[in-house]
Amino acid sequence: MSSTDQGVRQPDRRLFLKTSATAAAGLSLGFYLPGRSDANNAPRLNAWVEVRPDETVVIRYARAEMGQGSMTSAPMLVAEELDADWARVRVEYATAHENLASKRAYGDMAAVGSRTIRQSQDYLRKAGATARHLLVAAAAQQWGVSAAECTTAKGRVMHAASKRSITYGKLAQAAARIEPPKEVALKDPKNWTLVGKPIARVDIPDIVTGRVRYG
Amino acid sequence: MKLQVNGKVRELDVEPDMPLLWALRDELDEKGTKFGCGIAQCGACTVLLNGEPVRSCSYPVSAASGQKVVTIEGLANKDKLHPVQQAWIDHQVPQCGYCQGGQILAAVALLKRKPKPTDQDIDAAMTNICRCGTYARVRKAIHAVAAKGVRV
């Protein structure tokens, strides 16, 4: 198992959590939702996606990356349903601490038996789709239009009839205040634009510069 | 003793026979260089000493004192990756990545010595062991750097 630059990124995340707790930062779908008191109701929550005001979409990865590439492919499933701009996606490890704090929202966090994609694809896709739903709802509310008329692509919500468009980063704060849906529709695989394509592994730049940590 | 690592002179208070790898990782906290076999066979611990690859697990730190040590952390020019590192990304060479710092530094030394290596040259120079078996992509990436004709 490897992890990347923990020393550098963790303070950043702590700072983020602190600020999001005061509703000052972006959309953190999970157990740190600003203003939410049902943090113990883990099954309803989505711990995978954060949309930051600078348009960075942080997707958590909750298994081990050992060269099998699922640190890239599992977040692709989230990004696909979210209609995130892959160029703005940053993958971060979920920690065991977060898992315990959220009543194991991340499951057993094991990478074994080629099961990562097979076991997690449904809930990862739902996580992306739920986040997308909230962002669309926030845009629809802001524009006073029906969410059904809105479309999404590359980190934006669009409303064709009024030719309006807004980025996820600008919607994140409002989206975080909306109640997540219990059920959400997933894309038909024939409409996938990211999953199934050869995408460069997100961890290789850290490997070739000696930044990846093994342990 | 003084040790020049990635352009910076570092002060060390260690036994002269301490392996260079130990000094780098545990004394200087440069963790990019990896411990593999510990007997200079696998090459995971490769660093460049005055541009030549050495296996730091079996190299006394005192023998490196006063010379230029480059580790995988020091290969890029600030944010600009070394052409070999870039080729490693372009060709998605690593699998687990543990040996790749050593592979990259060995490839840099080879290309410096021989800018247009043949497959045989690569096989002879690249004796680093990769348990994932990335050898085919290592070769491809080295040829790609050579074809671009960039000075390494």
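For the structure itself, consult the block above.
Residues numbered from 1 in each chain as written. Chains lettered and ligands numbered in written order. Predicted model: local features only at pLDDT ≥ 70, side-chain atom pairs only at ≥ 80, totals over all residues. Heavy atoms only, no water.

Looking only at helices and strands, chain B features six helices and five strands. Order of helices (α) and strands (β) in chain B, N terminus to C terminus: β-β-α-β-β-α-β-α-α-α-α. Taking 2.2 N^0.38 as the reference for a compact globule, 152 residues should give roughly 15 Å; the C-alpha atoms of chain B span a radius of gyration of 15 Å, in line with that estimate. Considered along the principal axes of its C-alpha atoms, chain B spans approximately 45 × 30 × 25 Å. Counting the 152 residues in chain B, one finds 44% classified as buried. Within chain B, counting contacts between residues at least 6 apart in sequence, those at least 24 apart form 56% of the total. Surface summary for chain B: the accessible area is close to 7700 Å², and the carbon and sulfur share equals 51%. (Helix = DSSP H or I, 4+ residues; strand = E, 2+ residues; numbered from the N terminus. Rg over C-alpha atoms; globule rule 2.2 N^0.38 Å. Buried < 20%, exposed > 50% of the residue type's maximum accessible area, 1.4 Å probe, protein only. Contact = heavy atoms within 4.5 Å. Areas by Shrake-Rupley, 256 points an atom, 1.4 Å probe, with all protein chains shown as cover.)

Scanning chain A from terminus to terminus reveals six helices and nine strands. Buried residues in chain A amount to 51% of all 215 residues. Nonlocal contacts in chain A, meaning residues at least 24 apart in sequence, comprise 66% of its contacts between residues at least 6 apart. Accessible surface, chain A as shown: approximately 10300 Å² in total, 54% of it carbon and sulfur.

Let us look at a negative patch on the surface. A grouping of Asp13(B), Glu15(B), Asp17(B) and Glu27(B) is seen on the molecular surface, where their side chains present a negatively charged patch. What makes Glu27(B) partly exposed here is its relative accessible area of 40%. (Patch = residues over 30% accessible without salt bridge, like charges linked within 9 Å, V, L, I, M, F, W, Y side chains within 5 Å. Salt bridge = Lys/Arg side-chain N within 4 Å of Asp/Glu carboxyl O. Lys, Arg positive; Asp, Glu negative; His and termini not counted. Charge placed at Lys NZ, Arg CZ, Asp CG, Glu CD.)

To continue, consider the environment of Ala148(A). Residue and element names in this part refer to chain A. Along the chain, alanine 148 falls in the loop between α4 (116–143) and β6 (150–153). Residue classification places alanine 148 among the exposed positions, given a relative accessible area of 73%. When the C-alpha atoms of alanine 148 and alanine 79 are compared, they prove to be 20 Å apart, with 69 residues separating the residues in sequence.

Time to look at the environment of Pro60(B). Residues and elements named next belong to chain B. Relative to the assigned elements, proline 60 resides in the loop between β4 (52–55) and α2 (61–64). Sequence-wise, proline 60 and leucine 20 are 40 residues apart; in three dimensions their C-alpha atoms are separated by 5.5 Å. Residues within four places of proline 60 in sequence aside, it is in contact with Pro16, Asp17, Met18 and Leu20.

Residues and elements named next belong to chain B. Bridging between strand β1 (residues 2–5) and strand β2 (residues 8–11) involves four bridges; their strand directions are antiparallel. Looking at β2, one finds that lysine 2 is bridged to glutamate 11. Linking β1 to β2, which pair antiparallel, is a turn of two residues; within it asparagine 6 sits at a positive phi near 50°. (Pairing = 2+ DSSP bridges.)

What follows concerns the interface of chain B and chain A. Facing the 17 residues of chain B at the interface are 14 residues of chain A. Taken together, both faces of the contact between chain B and chain A bury some 1200 Å²; the carbon and sulfur share is 63%. If you look at where chain B meets chain A, you find zero salt bridges. Where chain B touches chain A, the interface holds eight residue pairs in polar contact (both at pLDDT 80 or more). Mapped onto the side of chain B that touches chain A, the elements with two or more residues apiece are α3 (83–90) and α4 (100–113) of chain B. (Buried area = accessible area lost by both parts, 1.4 Å probe. Polar contact = N/O pair within 3.5 Å; in protein donor to acceptor, adjacent residues only side chain to side chain.)

Another aspect to go through is α4(B). Residue and element names in this part refer to chain B. Look at α4: 20 Å from first C-alpha to last across 14 residues, which is about the 20 Å you get at 1.5 Å a residue. For α4, a buried count of twelve out of 14 residues is recorded, marking the element as mostly surrounded by other parts of the structure. Where α4 is concerned, the buried positions are Gln100, Gly101, Gly102, Gln103, Ile104, Leu105, Ala106, Ala107, Val108, Ala109, Leu110 and Leu111. (Expected span 1.5 Å × (residues − 1).)

Here the focus is the sheet that holds strand β3 (residues 46–49) of chain B. Residue and element names in this part refer to chain B. Read from one edge to the other, the open sheet built from five strands follows the order β2-β1-β5-β3-β4, with strand pairing classed as mixed. If you trace the sheet from one side to the other, it starts and ends with β2 and β4, each paired once. Direction aside, the axes of adjacent strands within the sheet are offset by 40° on average. (Axes fitted to C-alpha atoms, helices over the stretch in contact; angles between N-to-C directions.)

Judged by nonpolar contacts, the single largest core of 44 residues is most densely connected at Val49(A), Val57(A), Leu82(A), Val89(A) and Val157(A). Going through the elements one at a time, β3 (49–51), β4 (57–61), α2 (70–82), β5 (89–93), α4 and α5 (168–175) of chain A are the ones with two or more residues in this core. Top element by residues in this core is α4(A). It accounts for eleven residues. When neighbours within four sequence positions are excluded, Val89(A) is seen to be in contact with Val57(A), Ile59(A), Ala79(A) and Ala84(A). Counting residues in each nonpolar core, the second largest holds 27 residues, with Leu75(B), Val93(B), Ala107(B) and Ala146(B) among its members. (Core = buried A, V, L, I, M, F, W, Y, C linked by side-chain atoms within 4.5 Å.)

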